[in-house]
Amino acid sequence: MEIVRAGDKGAQDLARTEFRSAQMKSRDMLRGDLEGAELEAYVESRVLTTTLDKAVAWARGNAIFPATFGLACCAIEMMSIVAARVDLARFGFEAFRASPRQADLLILSGRISIKMAPVVRRIYDQMLEPKYVIAMGACSSSMGVFNNYAIVPADKFMPVDVHVPGCPPRPEALTHGILKLRNLILENPDLGWRDRYDGHGTVEVAPEGTTASAHAENVPGTEGGASA
Amino acid sequence: MPDATGLELFAQEIGDTDDQAVLGTVFFRDRATLLVSPKAVPAALQFLKGKGYTFLASVHGVDYFPEEPRLGVLYELLDMKTVDRITVKTRVHTEAPIVPSVTHDWPTANHQEREVYDMFGVHFTDHPDLRRILMPEDYEGFPQRRDFPIGGEPIIFTHSEAGGPGWWK
């Protein structure tokens, strides 16, 4: 059976010719027959130059590992973004990691009670830089209908990069939020959230006399130097 | 459901052993409620257990503000053989909210009494482990009381944020 493709016949022929000539050039280069201006042109067409920051941001932004962490009803929507319908694996964010040490992204999927807030903050502190946070749903952003004595908004105790509104947000909305976060990472490779939020000196410091305190003091300095 | 007569008979029988125990009976919309004094709660529940109400379905608190005595503790009992329900109700003042615990007779009351203590501040004497169960241990006040402020925080949106870092600009 013959497959007939629709479209411009002339453009197809041109593309085929260009592909053929590029193939021939590659063969000549491998044989060592290309020289001078032709070799320059060949290298220019094959090599992509960029800055290290951009390359790193590209790698970071396209493979975010969220933490396996559900808080409330929004978590059900969060689970469905990796399922067949929305399929976040298309963008490379499907690997939910069970340990905060391996995760880049914390999705606050639901209400955070004042009893849960220290736990969430601890999980955030255990994550390694670079780390990002999405506040999903009304409760973790503005507390929604639970604006009462028991609930605290995420902004009060940790920096949040993206707020996704909704009660709960549709899986598509969360996907949109994650893609916004990807844009943020790609366009602004500088981590710099401590500068954005004026959050210097907010790292969890272990009690006096333990080795962890020395490490905690180093964090703001090294982070600023690496991203400059 | 015990009918109105059956409820009166229960009240009579409890009153025979302790005439201070029963404060009244309410039979409203086929629901039987026995009002007892706080001290008589364990004895009344044990009496009803002997009558077949062997399942303590729920212990919960109510704040009747501005009525006095303000706080109420309700025990919902169920007879699983005849599917009969009866409510035992007691009222205490906020100044001395003391009710004897029934945890030793009904182990299920353990966590439910802790919850009533957490939310309404009713103190259950002889409870084996009377601590807060839902709110943090260092929380002050009893949030389900009617005179407790509803709480919540003013929400800062981007447009109303006065002294923000301005990183979005």
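Residues numbered from 1 in each chain as written. Chains lettered and ligands numbered in written order. Predicted model: local features only at pLDDT ≥ 70, side-chain atom pairs only at ≥ 80, totals over all residues. Heavy atoms only, no water.

**Remarks on the overall build of chain B**
Inference 1: From N to C terminus, chain B includes 3 helices and 7 strands.
Inference 2: Starting at the N terminus and walking to the C terminus, you meet the elements of chain B as α-β-β-α-β-β-β-β-α-β.
Inference 3: Taking all 169 residues of chain B together, the buried fraction comes to 43%.
Inference 4: Excluding contacts between residues fewer than 6 apart, the proportion of contacts in chain B whose partners are at least 24 apart in sequence is 50%. (Helix = DSSP H or I, 4+ residues; strand = E, 2+ residues; numbered from the N terminus. Buried < 20%, exposed > 50% of the residue type's maximum accessible area, 1.4 Å probe, protein only. Contact = heavy atoms within 4.5 Å.)

**Some details on the interface of chain A and chain B**
Inference 1: Contact residues are listed per partner, giving 13 residues for chain A and 18 residues for chain B.
Inference 2: Buried area between chain A and chain B, both sides added, is near 1,300 Å², and the carbon and sulfur share of it is 63%.
Inference 3: Counting across the interface, chain A meets chain B through 0 salt bridges.
Inference 4: Run the count over chain A and chain B and you get 4 residue pairs in polar contact (both at pLDDT 80 or more). (Buried area = accessible area lost by both parts, 1.4 Å probe. Salt bridge = Lys/Arg side-chain N within 4 Å of Asp/Glu carboxyl O. Polar contact = N/O pair within 3.5 Å; in protein donor to acceptor, adjacent residues only side chain to side chain.)

**Examining the packing of helix α1 (residues 4-17) of chain B against helix α2 (residues 41-50) of chain B**
All names here are of chain B.
Inference 1: Relative orientation of the contacting elements α1 and α2 amounts to 125°, with a least axis distance of 11 Å. Judged by the inter-axis angle, α1 sits oblique to α2. By crossing handedness, the relation of α1 to α2 is classed as right-handed. Residues Phe10, Glu13 and Ile14 of α1 pack against Ala44, Phe47 and Leu48 of α2.
Inference 2: By residue class, the composition of the contact of α1 with α2 is 5 nonpolar, no polar and 1 charged. (Axes fitted to C-alpha atoms, helices over the stretch in contact; angles between N-to-C directions. Parallel < 35°, antiparallel > 145°, perpendicular 65-115°, else oblique. Left-handed = near helix turned anticlockwise from the far one by under 90°. Nonpolar A, V, L, I, M, F, W, Y, C, P; charged D, E, K, R; others polar.)

**Topic: the pairing of strand β1 (residues 105-109) of chain A**
Residues in a regular strand point their side chains to alternate faces of the sheet.
All names here are of chain A.
Inference 1: Counting buried residues along β1, 5 of its 5 residues qualify, which places the element largely inside the surrounding structure.
Inference 2: Taking every second residue as pointing to the same face, both faces of β1 are buried, with Leu105, Ile107 and Ser109 on one and Leu106 and Leu108 on the other.
Inference 3: Across 5 bridges, β1 lies against strand β2 (residues 132-136) in parallel orientation. Looking across to β2, one finds that isoleucine 107 is bridged to isoleucine 134.
Inference 4: Once the chain exits β1 it traverses helix α5 (residues 117-126) before rejoining the sheet at β2, and the crossover so formed is right-handed. (Pairing = 2+ DSSP bridges. Right-handed = clockwise from strand over helix to strand, strands pointing away.)

**Here we look at the sheet that holds strand β3 (residues 162-164) of chain A**
All names here are of chain A.
Inference 1: Sheet architecture is open: 3 strands sit in the order β1-β2-β3, paired in parallel fashion. For this open sheet the edge positions go to β1 and β3, each flanked by a neighbour on one side alone. The sheet shows a mean angle of 20° between the axes of neighbouring strands, direction not considered.

**Regarding the sheet that holds strand β4 (residues 71-79) of chain B**
Residues and elements named next belong to chain B.
Inference 1: Spatially, 5 strands are ordered β1-β2-β5-β4-β3 in an open sheet, and the strand pairing comes out mixed. In this open sheet, the two edge strands, each paired with only one partner strand, are β1 (22-28) and β3 (55-63). Geometrically, the sheet is characterised by an average inter-axis angle of 20° between neighbouring strands, direction not taken into account.
Inference 2: Pairing between β4 and strand β5 (residues 84-92): 9 bridges, direction antiparallel. What sits directly across from valine 73, in β5, is threonine 90.
Inference 3: On the sheet, α1 packs against β1, β2 (31-36) and β5 and is oriented at approximately 170° with respect to β1.

**Structural notes on the packing of aromatic side chains**
Think of a pair of aromatic rings as described by two things: how far the centres are apart, and how the planes are tilted against each other in angle.
Residues and elements named next belong to chain B.
Inference 1: Tallied over the full model, the rule gives 5 aromatic pairs over all chains.
Inference 2: Between the aromatic rings of phenylalanine 10 and tyrosine 53, the centroid separation amounts to 6.1 Å while the plane-to-plane angle is 85°, which identifies the pairing as edge-to-face. A residue pair is termed long-range when its members are at least 10 positions apart, and phenylalanine 10 in helix α1 and tyrosine 53 in the loop between α2 and β3 qualify at 43 residues.
Inference 3: Residue tyrosine 53 is classed as buried on the basis of its relative accessible area of 3%. (Phe/Tyr/Trp six-rings, centres within 6.5 Å; stacked < 30°, edge-to-face > 60°.)

**Re a nonpolar patch on the surface**
Inference 1: A contiguous nonpolar surface patch, about 220 Å² in accessible area, is contributed by Leu39(A), Val43(A) and Val47(A).
Inference 2: Within the secondary structure, Leu39(A) sits in helix α2 (residues 36-46). (Patch = residues over 30% accessible without salt bridge, like charges linked within 9 Å, V, L, I, M, F, W, Y side chains within 5 Å. Areas by Shrake-Rupley, 256 points an atom, 1.4 Å probe, with all protein chains shown as cover.)

**Looking at α2(B)**
Residue and element names in this part refer to chain B.
Inference 1: Regarding α2, the residues found buried are Val41, Pro42, Ala44, Leu45, Phe47 and Leu48.
Inference 2: On its buried face, α2 is in contact with α1, β2, β4, β5 and β6 (98-100).
Inference 3: Directly after α2, the chain includes glycine 52, whose backbone phi takes a positive value near 110°.

**Brief notes about unusual backbone geometry**
Inference 1: Following Glu129(A), the chain continues to Pro130(A) via a peptide bond in cis, the omega torsion being 0°.
Inference 2: Summarising the element assignment, Pro130(A) is placed in the loop between α5 and β2.
Inference 3: Following Glu68(B), the chain continues into Pro69(B) via a peptide bond in cis, with omega recorded as -10°.
Inference 4: Among the structural elements, Pro69(B) can be located in the loop between β3 and β4.

**What to know about the side chain of Thr94(B)**
Residues and elements named next belong to chain B.
Inference 1: Within the fold, threonine 94 resides in the loop between β5 and β6.
Inference 2: A relative accessible area of 18% places threonine 94 in the buried class.
Inference 3: Look past the residues within four positions of threonine 94 in its chain and what remains in contact with it is Arg70, Leu71 and Arg145.

**Brief notes about the confidence of the model for chain A**
Inference 1: Averaged over all residues, the pLDDT of chain A is 80; the fraction at 70 or higher stands at 79%.
Inference 2: Averaged pLDDT values for the elements of chain A fall to 42 in helix α9 (residues 212-227) of chain A and rise to 93 in β1(A). (pLDDT = per-residue confidence, 0-100.)

**Overview of the state of the cysteines**
All names here are of chain A.
Inference 1: For the coordinates displayed, the defined rule picks out 0 disulfides over all chains.
Inference 2: The thiol of cysteine 74 is unpaired, and the distance to the nearest cysteine sulfur, on cysteine 73, comes to 5.4 Å.
Inference 3: This cysteine, cysteine 139, is not joined by any disulfide, and cysteine 167 carries the nearest cysteine sulfur, 5.6 Å off. (Disulfide = S-S within 2.5 Å.)

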